[in-house]
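# Commentary on secondary and tertiary structure
Single-letter residue listing:
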Amino acid sequence: MDGVDKTFAALLGRPLITHTLDRFEDFPPVSEIVLVLAEHSVEVGESLVKQRGYRKVSQVCAGGARRQDSVKAGFDWLQPCDWVMVHDGARPGMDATLLKRGLDSVIASAGGAAIAGVPVKDTIKVVSPDGLITDTPPRETLWAAQTPQIFSYELLCQAHHQFSGNATDDAMMVEALGHQVTMFLGSYENLKVTTPEDMAVMEAMLRGRRLDFRTGIGFDSHALGPDRRLVLGGVEVAHDMGLVGHSDGDVLIHAIMDALLGAANLGDKGRHFPSSEDQYKDISSLLLLSQVGEQLAAHHWRIANVDATMLAQRPRLGSYILDMKVKTAAALSISVERLSIKVTTTDYLGFVGREEGIAAVAIATIFRPEQ
């Protein structure tokens, strides 16, 4: 980590700060995020926020010389609200359970202030400047303070305007004004990454966290008609008829889109790309699929697997499947190993068997770390 702003040091293949931002972005009670960085990192932070599509980040600003100056700089950009969570960007180990515990604690508190912390495990010694032990406080009364530290908006505003000394955290400022601060249980995994050793420990902990898997099912069918291209999986197929639809009628891609949107609980393709809008007239469904992939990424979902089956009596599609897989996987920015495409007939049963139309069904599995 030498020479690298620890906020942007690589953690599991991406900047450390993104793991922290993801937690707040995905926590429903949080409505706005102000990201405070060293002045030389602001431009990098703004680019990262845009690249990852963080919807709640309203401002990236420069901090100050002291911790309290940095908090004040961020606070000044924040819109008035009920509660303010102050959190170290270099603590990516907290989760939604910890955040909810903190919010419940501060709401129930008498003083409008609550901070995360954990009981110390080691015996603590008070040592004089010349290295002599002067006291051994009872361990059961000692907790190590963490973040988030949560305050009512008015109280934090008052603390930053009235406290004139140097403080190591915001709770110290509030305490100095005579207000009670509640300690709620944080987590031993909620460590602050300061050294390369901390980074290795944090990486091991994040790798060990459980993953949240979701599965969705998609189905689509279109009638075959004259004077239309037959497009399946983004590939033009030689045939005397094509699929009738507002877009290019690609039932395979449409089924995959609905499977992915359903797995992420983001609605269906009709909600996102209504056929009543002219902008989607004859559009390539691969372009729409790419947008679905971007929406999943914005909600921090990754695609584990997609399994799709086309139902067509004619034409024979086996020779086109590899090309379909390549184009579809590219649109989703996944490897072809994560995508299965198959084709079958209905043995002349139903509208597919009568060659009146083609249908497709897809199952998609997506995942992200548990929040």
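Not measured: the values here are computed from a predicted model.

Tallying secondary structure elements over the chain gives twelve helices and 17 strands in all. For the chain, the spread of C-alpha atoms along the three principal axes comes to 90 × 40 × 40 Å. Considering only contacts within the chain whose residues lie at least 6 apart along the sequence, 72% involve residues at least 24 apart. As presented, the chain carries roughly 18,500 Å² of accessible surface, and 52% of it is formed by carbon and sulfur atoms. Measuring between centres, the 35 positive side-chain charges of the chain sit 4 Å from its 47 negative side-chain charges.

The buried fraction of strand β3 (residues 33-37) is high, at four of five residues. Where the polypeptide runs from β3 across helix α2 (residues 42-52) and back to strand β4 (residues 57-62), its parallel neighbour, the crossover connection is right-handed.

Another point: the sheet that holds strand β5 (residues 83-86). Strand order in the open sheet formed by four strands is β5-β9-β6-β10, and the pairing between neighbours is mixed. The sheet is open, and its two edges are formed by β5 and β10 (182-185), each paired on a single side. Averaged over all neighbouring strand pairs, the angle between strand axes comes to 30°, with direction disregarded. The sheet contact formed by strand β6 (residues 113-119) and strand β9 (residues 143-152) spans six bridges and is antiparallel. Residue pairing across strands places Pro 119 opposite Trp 143, the latter belonging to β9. The strands that helix α4 (residues 96-108) touches are β5, β6, β9 and β10; relative to β10, the one it contacts most, it runs at about 155°. The strands touched by helix α5 (residues 153-162) within the sheet are β5, β6 and β9, with β9 carrying the most contacts at an inclination of about 110°.

The subject of this paragraph is helix α1 (residues 16-25). Burial analysis of α1 places ten of its ten residues in the buried class, which makes it a mostly covered element. Residues of α1 that are buried include every one of Leu 16, Ile 17, Thr 18, His 19, Thr 20, Leu 21, Asp 22, Arg 23, Phe 24 and Glu 25, and no others.

Turning to the pattern of salt bridges, a few remarks are in order. All told, the structure shown has 18 salt bridges when counted by the stated rule. Here Arg 55 and Glu 25 are joined by a salt bridge, their closest N and O atoms 3.6 Å apart. Within this pair, whereas Arg 55 is found in the loop between α2 and β4, its partner Glu 25 is found in helix α1, the two being separated by 30 residues in sequence. Since its relative accessible area comes to 2%, Glu 25 is described here as buried. Across the pair Asp 69 and Arg 66 runs a salt bridge, and its minimum N-O distance is 3.0 Å. Linked by salt bridges that have partners in common, Arg 67, Asp 88, Arg 91 and Asp 170 make up one network.

The next subject is the UniProt feature "domain: 2-C-methyl-D-erythritol 2,4-cyclodiphosphate synthase" (unreviewed entry) in the chain. In this numbering, the UniProt entry assigns the feature "domain: 2-C-methyl-D-erythritol 2,4-cyclodiphosphate synthase" (unreviewed entry) to residues 213-366. Between the first and last C-alpha atoms of residues 213-366 the distance is 6 Å; the span itself is 31% helix and 31% strand.

By the secondary structure assignment, Thr 20 is in helix α1. Owing to a relative accessible area of 4%, Thr 20 belongs among the buried residues under this scheme. There is a polar contact of 2.8 Å between the side chain of Thr 20 and the backbone oxygen of Gly 89. Beyond its immediate stretch of four places on either side in the chain, Thr 20 contacts His 87, Asp 88, Gly 89, Arg 91, Pro 92 and Met 94.

Among the nonpolar cores identified, the biggest contains 46 residues, and Leu 232, Ile 256, Leu 260, Leu 289, Leu 296 and Met 310 are the most heavily contacted of them. Going through the elements one at a time, β12 (230-232), β13 (235-237), α8 (251-263), α10 (285-298), β15 (302-311), α11 (321-332), β16 (339-344) and β17 (357-369) are the ones with two or more residues in this core. Ranked by residues supplied to this core, first place goes to α8 with ten residues. Excluding residues within four positions of it along the chain, Ile 256 makes contact with Leu 289, Val 306, Ala 308, Thr 328, Leu 332, Leu 339 and Ala 362. Phe 8, Tyr 54, Ala 114 and Ala 116 belong to the second-largest nonpolar core, a separate cluster that totals 24 residues.

Bridge count between β15 and β16: six bridges; the pairing is parallel. Residue pairing in the sheet places Val 306 in a bridge with Leu 339 of β16. A crossover links β15 with its parallel partner β16, the connecting element being α11, and its sense is right-handed.

We now examine the environment of Phe 273. Its place among the elements puts Phe 273 in the loop between α9 (269-272) and α10. We classify Phe 273 as buried; its relative accessible area is 8%. Separated by 15 residues in the primary sequence, Phe 273 and Leu 288 have C-alpha atoms spaced 7.9 Å apart. Once you skip the residues sitting within four places of it in the chain, Phe 273 turns out to touch Met 257, Tyr 280, Leu 288, Gln 291, Val 292 and Gln 295.

Another aspect to go through is the packing of helix α3 (residues 67-77) against α5. Direction vectors running N to C along α3 and α5 enclose 130°, while the axes themselves pass 11 Å from each other. Judged by the inter-axis angle, α3 sits oblique to α5. Seen from above, α3 lies across α5 with left-handed handedness. Facing α3, whose interface residues are Gln 68, Val 71, Lys 72 and Phe 75, α5 presents Tyr 153, Leu 156, Cys 157, His 160 and His 161. The residue inventory of the contact of α3 with α5, partitioned by class, reads five nonpolar, three polar and one charged.

Our focus in this paragraph is the side chain of Arg 368. Note that Arg 368 resides in strand β17. It turns out Arg 368 is buried and unbridged, and the closest side chain with the opposite charge, Asp 26, is 4.3 Å from it. In this structure the side chain of Arg 368 is engaged in a polar contact, spanning 2.7 Å, whose partner is the backbone oxygen of His 299.

Reading the values: rules and limits
Residues numbered from 1 in each chain as written. Predicted model: local features only at pLDDT ≥ 70, side-chain atom pairs only at ≥ 80, totals over all residues. Heavy atoms only, no water. Helix = DSSP H or I, 4+ residues; strand = E, 2+ residues; numbered from the N terminus. Contact = heavy atoms within 4.5 Å. Areas by Shrake-Rupley, 256 points an atom, 1.4 Å probe, with all protein chains shown as cover. Lys, Arg positive; Asp, Glu negative; His and termini not counted. Charge placed at Lys NZ, Arg CZ, Asp CG, Glu CD. Buried < 20%, exposed > 50% of the residue type's maximum accessible area, 1.4 Å probe, protein only. Right-handed = clockwise from strand over helix to strand, strands pointing away. Pairing = 2+ DSSP bridges. Axes fitted to C-alpha atoms, helices over the stretch in contact; angles between N-to-C directions. Salt bridge = Lys/Arg side-chain N within 4 Å of Asp/Glu carboxyl O. UniProt positions renumbered as here; feature names shortened; annotations may be inferred. Polar contact = N/O pair within 3.5 Å; in protein donor to acceptor, adjacent residues only side chain to side chain. Core = buried A, V, L, I, M, F, W, Y, C linked by side-chain atoms within 4.5 Å. Parallel < 35°, antiparallel > 145°, perpendicular 65-115°, else oblique. Left-handed = near helix turned anticlockwise from the far one by under 90°. Nonpolar A, V, L, I, M, F, W, Y, C, P; charged D, E, K, R; others polar.

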